[in-house]
Amino acid sequence: MTSQQSENGHVRIANELYEAIYRTNFNATQLKIIMCVIRYTYGFNRDSHSLSLSFISNAISVSKRYVSDELKKLIESNVILVVNNFTVTKSREIKINNNYSEWEGCRTIQQVKDTSTDEDDFHTTDEDDFTTTDEVVFIQERQIKNKYKDNDFKSVFDYYISLDLIKHRTYTKDMVKAITKAVKDNKYDIEYCKTLLLRHKTVVEKSKDSQYPVKVRGFAEFFGQKVYGATHLICSEYEEGGKYYEQYIKNNESVNKPGEIKNTRGPLKLVIRDNY
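The model shown is predicted, which means the values in this text are computed figures rather than measured ones. (Residues numbered from 1 in each chain as written. Predicted model: local features only at pLDDT ≥ 70, side-chain atom pairs only at ≥ 80, totals over all residues. Heavy atoms only, no water.)

Engineer: Summarise the overall build of the protein; cite the residues concerned and give the values.
Structural biologist: The secondary structure content of the protein amounts to 12 helices and 3 strands. Expressed as a percentage of contacts within the protein between residues at least 6 apart in sequence, the contacts between residues at least 24 apart total 69%. (Helix = DSSP H or I, 4+ residues; strand = E, 2+ residues; numbered from the N terminus. Contact = heavy atoms within 4.5 Å.)

Below, the structure written as structure tokens:
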């Protein structure tokens, strides 16, 4: 489990407002919506932000219909304020009303019915389809987490250690962020990540006696750091067409893929023996 320290990211909120939230009789969905709005406003040091129904629904894992119902209640109760209504190019901009004395009837709000069509009339298809940069990043990261388990990423780290490159003592949060970034940005799968590491080891060994030897990269550096003066990641240099692939690997494609057994005895020969 990664470190959950405040220096790795935190939300600043006034104690008085925080206390007002947990003392108010919000239902579970309403409380999740409030926490989500706080995360994407105060959590980014801003007062308000454009958040679509679809994004909130994905963020809190509650169906859009429930989100629609409960958000409408919160707006009507002055808990959440609409700064700007949605347009054809932008989602509705909302904020928490930090003047909690203006919240109306919140202590008596009851769980709403399972279905409602009021909010369906309030928003348009444009609002559903529009996503901000924050939303896109959030959705991409969730899709990656759903596709790969933590153990999948850890297996890449274990493979790195087996190559005897740098003996990292622990699998850190920075390493998790780095491999996640590589998979997301470069569309890698787990096995290809291992192939890139094997190529890195091969290049390091082949270049060690040259005028400009390639230095060994740490796990987080390899997958998470960009090449100096460039916009692509260091690991990209080992892709087909990449700098080190073209220079060291392309014409010597005897580098084994992870899990393959290397034949060190040369080509196989057919030998026919007479048994008489």
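Engineer: Explain the pairing of strand β3 (residues 93–96) to me, and be specific about the residues and the numbers.
Structural biologist: Across the two faces of β3 the burial is the same, with Glu93 and Lys95 and Ile94 and Ile96 all buried. In this sheet, β3 lies alongside strand β1 (residues 49–50) in antiparallel orientation, the contact comprising 2 bridges. Paired with His49 across the strands is Ile94, a residue of β3. As paired strands, strand β2 (residues 80–84) and β3 are joined by 4 bridges and run antiparallel to one another. Residue pairing for β3: Val82 is matched across the bridge by Ile94. (Buried < 20%, exposed > 50% of the residue type's maximum accessible area, 1.4 Å probe, protein only. Pairing = 2+ DSSP bridges.)

Engineer: Tell me about the environment of Tyr100, and please be specific about residues and values.
Structural biologist: Here Tyr100 shows up in the loop between β3 and α5 (118–122). The spacing of Tyr100 and Leu17 is 83 residues in sequence and 7.1 Å in space, taken between C-alpha atoms. There is a polar contact of 2.5 Å between the side chain of Tyr100 and the side chain of Glu16. (Polar contact = N/O pair within 3.5 Å; in protein donor to acceptor, adjacent residues only side chain to side chain.)

Engineer: Describe in detail the packing of aromatic side chains, supporting the description with residues and values.
Structural biologist: Going through the model one piece at a time under the given rule, you end up with 15 aromatic pairs. With centroids separated by 6.2 Å and ring planes inclined at 65°, the aromatic side chains of Tyr100 and Trp103 adopt a geometry described as edge-to-face. Three or more aromatic residues joined by ring pairs make a cluster, and in this case those are Phe157, Tyr160, Tyr171, Phe219, Phe222, Phe223, Tyr238, Tyr244 and Tyr248. Taking the ring centre of Tyr40 as reference, the NZ or CZ of Arg39 above it sits at 5.4 Å. (Phe/Tyr/Trp six-rings, centres within 6.5 Å; stacked < 30°, edge-to-face > 60°. Lys NZ or Arg CZ within 6 Å of the ring centre and 35° of its normal.)

Engineer: How would you sum up helix α10 (residues 190–207)? Please name residues and give values.
Structural biologist: If you check α10, its first and last C-alpha atoms are 26 Å apart, about what 18 residues at 1.5 Å a residue would give, namely 26 Å. Of the residues that open α10, the one with a side-chain oxygen 3.3 Å from the backbone nitrogen of Glu191 is Asp189. (Expected span 1.5 Å × (residues − 1).)

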